[in-house]
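# Structure assessment
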Amino acid sequence: MALNVLVVDDSAVMRAIVIKTLHLSGVALGQIYEAKDGEQALRVLDENWVDLALIDINMPVLDGMDLIERVRQNPETSDLSIIVVSTESSETRIEKVQRRGVAFVHKPFTPETLRQAILRATGVIDDRSDSKSPVSGSGYDF
Amino acid sequence: MTDQIAKALYRAAAMTFEELGFMFPSSDLDPLQKYATPDALGYVDFEGPRTGRLVVRMCGGVLPVLAANMMGELEPPDQRLQRDALGEIANIICGNLLPALAGPKEVFQLRTPGALAPGEPLFPDPDMKPAAEVQVGLEEGRADLLLYLTEPLE
């Protein structure tokens with residue numbers, strides 16, 4: 001199954017890094033959408049079918065936490081698979097993110113880290129099942 | 001304490017350059033790396049249990065190659081994107097360093113990264129000395145990492 005992915009980050013470089021890493025991860029990809037803030041992300045979600053969102057926390061206009069709140073409140077998007085991709089290192093804040101039912105990938109990250117996070121967040125079966133996971137996420141068995 | 005912070009700073013920087021920039025960092029600088037001239041300065045300010053700034057000084061023309069590697073491009077991106085890449089580098093290194101300053105549970109606020117012009121003070125208080133400083137050899141240049149804190153380390 002090819003995943004339609006939305007990448008949300010205010011840095012054009014970081015969006016490019018995430019997209020490059022997505023391609024290197026070996027995950028089957030469909031359409032890739034980009035948004036530079038939460039408001040733009042909501043418009044993309046309103047107009048397109050998206051399977052997975054990779055979201056930064058610190059963004060202008062509407063930040064990542066508020067975006068996740070809005071996505072979860074909307075019946076059309078409440079089940080969207082979300083991975084927060086952030087430099088955040090505080091265990092307190094990471095736990096807060098995970099309580100909202102999203103996975104977390106810490107920057108910097110490798111293609112394999114991202115792959116494992118995506119497979120767990122979306123429930124897609126990995127045919128390379130011998131790999132180990134360095135990621136963390138709510139409700140997952142790490 | 002300063003030694004521990006310097007080691008944590010080097011580890012965070014080396015991991016970031018390796019995983020995001022596909023560059024192999026070295027702590028033993030060769031003469032070319034050691035005497036490379038500075039050509040770009042980025043920084044990120046942070047607040048929380050400790051307040052300060054991390055400055056990343058790129059030397060020897062490494063930044064264009066690093067930015068291209070980060071973005072998966074063959075050619076270096078324009079100057080604006082190179083500055084954006086340097087800001088992201090500063091942001092990521094700082095995010096990975098902060099637990100070493102105050103423990104893994106403490107919460108910090110990182111500000112939007114910025115760039116410094118040549119000759120501009122590295123820290124608002126120009127008399128302040130860095131609390132920790134490390135150099136990372138990268139290809140034919142290097143990155144200098146300077147950590148400034150408003151309060152001295154014990």
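Look a little higher up for the structure.
Residues numbered from 1 in each chain as written. Chains lettered and ligands numbered in written order. Predicted model: local features only at pLDDT ≥ 70, side-chain atom pairs only at ≥ 80, totals over all residues.

The next point concerns the overall build of chain B. When helices and strands are tallied, chain B shows four helices and six strands. Element order for chain B, N to C, with α for helix and β for strand: α-α-β-β-α-α-β-β-β-β. Taken against the 2.2 N^0.38 rule, which gives 15 Å for 154 residues, the C-alpha radius of gyration of chain B at 15 Å falls within 12% of a compact globule. A principal-axis box enclosing the C-alpha atoms of chain B has dimensions of 45 × 30 × 30 Å. Of all 154 residues assigned to chain B, the portion counted as buried reaches 45%. In chain B, of all internal contacts separated by at least 6 residues, the share reaching a separation of at least 24 is 69%. (Helix = DSSP H or I, 4+ residues; strand = E, 2+ residues; numbered from the N terminus. Rg over C-alpha atoms; globule rule 2.2 N^0.38 Å. Buried ≥ 20, exposed ≤ 12 C-beta atoms within 10 Å, placed from the backbone. Contact = placed C-beta atoms within 7 Å.)

The next subject is the interface of chain A and chain B. Taken residue by residue, the interface counts 19 residues in chain A and 23 residues in chain B. Those elements giving two or more residues to the side of chain A that touches chain B turn out to be α1 (12-25) and α4 (91-98) of chain A. Partitioning the side of chain A that touches chain B into residue classes produces seven nonpolar, seven polar and five charged. (Nonpolar A, V, L, I, M, F, W, Y, C, P; charged D, E, K, R; others polar.)

Moving on: α1(A). Residue and element names in this part refer to chain A. Helix length check: α1, at 14 residues, gives a terminal C-alpha distance of 20 Å against a target of 20 Å (1.5 Å per residue), a fit within 8%. By the burial criterion, the buried members of α1 are V13, M14, R15, A16, I17, V18, T21, L22 and S25. Taken from the residues just after α1, G26 is the one with a positive phi, measuring 85°. (Expected span 1.5 Å × (residues − 1).)

What follows is about the environment of B:Q109. Residues and elements named next belong to chain B. Structurally, Q109 is set in strand β3 (residues 109-110). Placed 33 residues apart in sequence, Q109 and P76 show a C-alpha to C-alpha distance of 31 Å. Not counting residues up to four positions away in its chain, the partners in contact with Q109 are F46, E47 and G48.

The next point concerns the packing of helix α1 (residues 2-21) of chain B against helix α4 (residues 79-102) of chain B. Residues and elements named next belong to chain B. At a minimum axis separation of 9 Å, α1 and α4 run at an interaxial angle of 145°. In terms of crossing hand, the pair formed by α1 and α4 is right-handed. Residues Q4, I5, A8, L9, A12, A13, M15, T16 and L20 of α1 form the contact with α4, whose participating residues are I89, I92, I93, N96, L97, A100 and L101. In terms of residue class, the contact of α1 with α4 is made up of 13 nonpolar, three polar and no charged. (Axes fitted to C-alpha atoms, helices over the stretch in contact; angles between N-to-C directions. Left-handed = near helix turned anticlockwise from the far one by under 90°.)

Okay, the environment of A:V18 next. All names here are of chain A. Among the secondary structure elements, V18 is positioned in helix α1. As for V18 and E47, which are separated by 29 residues in sequence, their C-alpha atoms are 22 Å apart. In contact with V18, not counting residues within four places along its chain, are V7, D9, L54 and V85.

A word on helix α5 (residues 111-122) of chain A. Residues and elements named next belong to chain A. In this model, α5 (12 residues) spans 16 Å end to end at C-alpha, consistent with the 16 Å of a helix rising 1.5 Å per residue. Residues of α5 that are buried include every one of L114, R115, Q116, A117, I118, L119, R120 and A121, and no others. One or two positions beyond α5, positive phi appears at G123, with a value near 80°.

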